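An overview of the molecular structure
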Amino acid sequence: MLNIFSSIYCNIDLLKLIKYIIICYMDISYLIPIFENNDAKIFFETFLSSKFFCEHKNVQILTYVAKSDEKNLKVLKDLSKKNSIIKVFIEEKTFSYNSVYKKAINIMKGDILLLGDAEIQNLDLIFSKCLEKYKLGANIVLVKKRFSGIKNFFISAFENFYNFVIKIFTGKKDRFNIISLGLYDKNVIDVFKTLPEKCCFLKNTKNLFGFSSRTIYIESKVKTNKLDFKKMTTTLLFAIISFFLSFVLFLTTLFLNVFLQQVPPEYNLFAIFGCIILLILASIISPKHFYNIRNND
């Protein structure tokens, strides 16, 4: 009986060893774009010497940099000359994470794609957690920030309203993950390639048919690539105009009722109805602005 248990235990250890070897020699593609506010030299010195990076042999690093970012461009060119696994792509103008992600999925060679953020110096720890979820069967690993207290309440309220509206148009909820972090296996990427117009949103959602997804959480204070929600979009402009018209209609109605003796009840009813419609329209349209920033170039 003791020999049987010993045999089972040895087989379990052997399976773990085999799985560990497979993971170590699995092909990994990294996408780590460098923006002008990043320091490529410090980031890659830290990341390339990390335990996680050194444990995995077959890797490909895809990095993008703006032509105008001379300092980081020089660092990346020097790195790519010393190490053939680093592929540097030069962008002629300002780019977003999503725009280079769309390009990277068509040239990645790995069994998995790890999205990296050069703002994070201990990125290897996040990658390690992502890989642990992958070992347990996840095809997609999303990364979110963990908030607490009153901030968590307001963020959750916004996400719930945002997803209520977005689901009407897309049929799926946005996970509101950090777009510059995560893990995606080759099977998922192959599907994304066939849906170039939707590939950004699909990487930010979950419960995709036939694929398993997991989520890991990091501290809210961790600095990551920031999206610029302040830039103007057609959707935001339309929402602002709707809010403005509602406000003007309200002030006009108030003015007429204060300074005129008799205002037709029909006008007041029409004005109130118009204000409500404009406010509802603006409220429904506003989330589309955030959707466009998160899921487009």
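Structure first, text after, so check above.
A few points on the structure. (Residues numbered from 1 in each chain as written. Predicted model: local features only at pLDDT ≥ 70, side-chain atom pairs only at ≥ 80, totals over all residues. Heavy atoms only, no water.)

**Side note on the environment of Asp297**
- Among the structural elements, Asp297 can be located in the segment after α11 (265–295).
- We classify Asp297 as exposed; its relative accessible area is 52%.
- Along the primary structure Asp297 and Val100 are separated by 197 residues, whereas in three dimensions their C-alpha atoms are 8.6 Å apart. (Helix = DSSP H or I, 4+ residues; strand = E, 2+ residues; numbered from the N terminus. Buried < 20%, exposed > 50% of the residue type's maximum accessible area, 1.4 Å probe, protein only.)

**Some thoughts on the packing of aromatic side chains**
- Summed over all chains, the structure comprises 19 aromatic pairs.
- Ring plane angle 45° and centroid distance 6.0 Å describe the contact between Phe52 and Phe127, whose orientation is recorded as tilted. In this pair, Phe52 sits in helix α3 (residues 51–55) while Phe127 sits in helix α6 (residues 123–135), placing the two residues 75 residues apart along the sequence. The same class applies to Phe52 as to Phe127, namely buried.
- An aromatic cluster of at least three residues, connected via ring pairs, comprises Tyr30, Phe43, Phe44, Phe47, Phe52, Phe53 and Phe127.
- Note that Lys203 overlies the ring of Tyr101, its terminal NZ or CZ placed 5.1 Å from the centroid. (Phe/Tyr/Trp six-rings, centres within 6.5 Å; stacked < 30°, edge-to-face > 60°. Lys NZ or Arg CZ within 6 Å of the ring centre and 35° of its normal.)

**Quick word on the packing of helix α10 (residues 234–259) against α11**
- At a closest axis distance of 8 Å, the pairing of α10 and α11 adopts a crossing angle of 160°. Between α10 and α11, the crossing angle belongs to the class labelled roughly antiparallel. The way α10 lies across α11 gives a crossing that is left-handed.
- Classifying every residue of the contact of α10 with α11 by side-chain character gives 16 nonpolar, twelve polar and one charged. (Axes fitted to C-alpha atoms, helices over the stretch in contact; angles between N-to-C directions. Parallel < 35°, antiparallel > 145°, perpendicular 65-115°, else oblique. Left-handed = near helix turned anticlockwise from the far one by under 90°. Nonpolar A, V, L, I, M, F, W, Y, C, P; charged D, E, K, R; others polar.)

**Let's talk about α10**
- In a regular helix each residue adds 1.5 Å, so 26 residues correspond to 38 Å; α10 covers 37 Å between its end C-alpha atoms and thus fits that length.
- Buried within α10 are the following residues: Thr235, Ala239, Ser242, Ser246 and Thr253.
- Against the buried residues of α10 lie α11. (Expected span 1.5 Å × (residues − 1). Contact = heavy atoms within 4.5 Å.)

**Some points on the environment of Glu266**
- Along the chain, Glu266 turns up in helix α11.
- Overall, Glu266 belongs to the exposed group, its relative accessible area being 58%.
- Spatially, the C-alpha atoms of Glu266 and Pro287 are 33 Å apart, while their sequence positions differ by 21 residues.

**Observations concerning the sheet that holds strand β4 (residues 112–115)**
- The seven strands are arranged β3-β2-β1-β4-β6-β5-β7 in an open sheet whose pairing can be described as mixed. Each having just a single partner strand, β3 (86–91) and β7 (213–219) make up the two edges of the open sheet. On average, adjacent strands in this sheet sit at an angle of 20° to one another, irrespective of strand direction.
- The sheet contact formed by β4 and strand β6 (residues 182–185) spans four bridges and is antiparallel. Bridge assignment links Leu113 to a residue of β6, and that residue is Tyr184.
- Relative to β3, helix α4 (residues 70–82) is tilted by about 150°, and along the sheet it contacts β2 (59–66) and β3. (Pairing = 2+ DSSP bridges.)

By themselves these figures say nothing about function.
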